[in-house]
Amino acid sequence: MIQAKFSIEESHMRVLEQCRAYGYKDKSALVRAALDLLTAELERKQLEESADLYTELYDGDDEMREWTDAAAEQWPR
């Protein structure tokens, strides 16, 4: 595994020192899990922003709504 050096606040260190109480094997496992959660949240936020942009485009384009609605009506149920 790759190692990294970084600075953290004292409060973060207290959390890391309690890693076993939270069910993690060691401090590194806790940090990896936290980074995985952050990555998932950032990806979810990016997808949400993308969906919002598509919604704006869809709402502002009557022709696109018409052909999308027509295609949806023909979609097998």
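Residues numbered from 1 in each chain as written. Predicted model: local features only at pLDDT ≥ 70, side-chain atom pairs only at ≥ 80, totals over all residues. Heavy atoms only, no water.

**Overview of the overall build of the protein chain**
Reasoning step 1: A count of helical and extended segments in the protein chain gives 3 helices and 0 strands.
Reasoning step 2: Of the regular secondary structure in the protein chain, the N- to C-terminal order runs α-α-α.
Reasoning step 3: Relative to a compact globule of 77 residues, whose C-alpha radius of gyration would be 11 Å, the protein chain shows 23 Å and is clearly more extended.
Reasoning step 4: Burial statistics for the protein chain: of 77 residues in total, 6% are counted as buried.
Reasoning step 5: Approximately 7,400 Å² of the protein chain is accessible, and the part contributed by carbon and sulfur atoms is 55%. (Helix = DSSP H or I, 4+ residues; strand = E, 2+ residues; numbered from the N terminus. Rg over C-alpha atoms; globule rule 2.2 N^0.38 Å. Buried < 20%, exposed > 50% of the residue type's maximum accessible area, 1.4 Å probe, protein only. Areas by Shrake-Rupley, 256 points an atom, 1.4 Å probe, with all protein chains shown as cover.)

**Re the pattern of salt bridges**
A pair can form between side chains of opposite charge whenever their charged atoms are brought close.
Reasoning step 1: Within this structure, the stated rule accounts for 4 salt bridges.
Reasoning step 2: One salt bridge connects R44 with E41, and the closest N-O pair in it is separated by 2.6 Å. A residue pair is termed a helical-turn pair when its members lie 3 or 4 positions apart in one helix, as R44 and E41 do in helix α2 (residues 27–59) at 3 residues.
Reasoning step 3: Under the relative-accessibility criterion, R44 is labelled partly exposed at 38%.
Reasoning step 4: In this structure E41 comes out as partly exposed when scored by relative accessible area, which is 37%.
Reasoning step 5: Between R44 and E48 there is a salt bridge; the shortest N-O distance is 2.8 Å. Taken together, the positions of R44 and E48, both in helix α2 and 4 residues apart, correspond to about one turn of that helix.
Reasoning step 6: Judged by relative accessible area, which is 44%, E48 ranks as partly exposed. (Salt bridge = Lys/Arg side-chain N within 4 Å of Asp/Glu carboxyl O.)

**A word on the packing of helix α1 (residues 10–17) against α2**
Reasoning step 1: Where α1 contacts α2, the axes come no closer than 9 Å and their chain directions differ by 115°. One way to sum up the angle between α1 and α2 is to call them roughly perpendicular. Only K27, L30 and V31 of α2 make contact with α1, whose side of the interface consists of M13, V15, L16 and E17. (Axes fitted to C-alpha atoms, helices over the stretch in contact; angles between N-to-C directions. Parallel < 35°, antiparallel > 145°, perpendicular 65-115°, else oblique. Contact = heavy atoms within 4.5 Å.)

**Quick look at a nonpolar patch on the surface**
Reasoning step 1: Taken together, the side chains of V15, Y22 and Y24 define a hydrophobic patch exposed on the protein surface, amounting to about 280 Å² of accessible area.
Reasoning step 2: Mapped onto the elements of the fold, V15 is located in helix α1.
Reasoning step 3: Owing to a relative accessible area of 37%, V15 belongs among the partly exposed residues under this scheme. (Patch = residues over 30% accessible without salt bridge, like charges linked within 9 Å, V, L, I, M, F, W, Y side chains within 5 Å.)

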